[in-house]
Structure formats: C-alpha cells, structure tokens
Amino acid sequence: MKTDQKRLHRAFHPECIAVVGRNLNWLRNLKTFPGKLYSVQVNPEQIKIIEEMGIKNYTKLTDIPEHIDLVIVATP
C-alpha cells in the first residue's frame, strides 16, 4: 500500500480544523491555532458562547465551506 505523502502531511500539519461536539475546551485550547478553526454545534446556548469566542459555528459539518484537514469529535 502506497502512502499519500500530501495527505499525511496535512493530517499532521492541518490548515483547517473543525471541532464537533459539546466540549468547548478543545475550542479554547485551539484559539491560537494559526489556520482556520470552525465549530459544529446545534445547541443555541453553546453557539452563543462559541461566537463570543470569535469562532464561526455551523450546525452541520458539511456546511463548512472549506476543505477540512482535521475533525475533532469532542462528545461524551
């Protein structure tokens, strides 16, 4: 099996990250991430907190208009 070096590089050096779920600690810890950071959340109360953090939120992962290199699923 041949390794796709470009995909492997983007997995370890992502330019765009999406965080899915209720755990806001991931978003807080990634606040200084130099690339694009998005949240996927459906809870209106949490969306308000996320937007106050300056992070764009979407209710579906497929609505994010970027190529996502890494998705972090932060659910219990």
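Look up: the structure comes first, before these words.
Residues numbered from 1 in each chain as written. Predicted model: local features only at pLDDT ≥ 70, side-chain atom pairs only at ≥ 80, totals over all residues. Heavy atoms only, no water.

Engineer: Before we go on, may I ask you to explain the sheet that holds strand E2 (residues 36–40) in this structure?
Structural biologist: By way of backbone hydrogen bonds, the strands of a sheet pair with one another, either parallel or antiparallel. If you walk across this open sheet you meet the four strands as E3-E2-E1-E4, and the pairing is parallel. Of all the strands in the sheet, just strand E3 (56–58) and strand E4 (70–73) have a single pairing partner and so form its edges. Each adjacent strand pair in this sheet contributes to an overall mean axis angle of 25 degrees, direction not counted. Both strand E1 (residues 16–20) and E2 contribute to a ladder of five bridges, which runs parallel. Counterpart to Ile17 in the pairing with E2 is Leu37. (Pairing = 2+ DSSP bridges. Helix = DSSP H or I, 4+ residues; strand = E, 2+ residues; numbered from the N terminus. Axes fitted to C-alpha atoms, helices over the stretch in contact; angles between N-to-C directions.)

Engineer: It is not clear to me how the side chain of Asp69 should be interpreted in this structure. Could you clarify?
Structural biologist: Within the fold, Asp69 resides in the loop between E3 and E4. Residue Asp69 is classed as buried on the basis of its relative accessible area of 15%. Among the polar contacts made by the side chain of Asp69, one reaches the main-chain amide nitrogen of Glu15 at a distance of 2.8 Å. Setting aside residues no more than four positions away along its own chain, Asp69 makes contact with Arg10, Pro14, Glu15 and Cys16. (Buried < 20%, exposed > 50% of the residue type's maximum accessible area, 1.4 Å probe, protein only. Polar contact = N/O pair within 3.5 Å; in protein donor to acceptor, adjacent residues only side chain to side chain. Contact = heavy atoms within 4.5 Å.)

Engineer: Would you mind showing me how to read a nonpolar patch on the surface here?
Structural biologist: On the surface, a nonpolar cluster with roughly 230 Å² of combined accessible area is contributed by Leu61, Val71 and Val73. When its relative accessible area of 34% is taken as the criterion, Leu61 is described as partly exposed. (Patch = residues over 30% accessible without salt bridge, like charges linked within 9 Å, V, L, I, M, F, W, Y side chains within 5 Å. Areas by Shrake-Rupley, 256 points an atom, 1.4 Å probe, with all protein chains shown as cover. Salt bridge = Lys/Arg side-chain N within 4 Å of Asp/Glu carboxyl O.)

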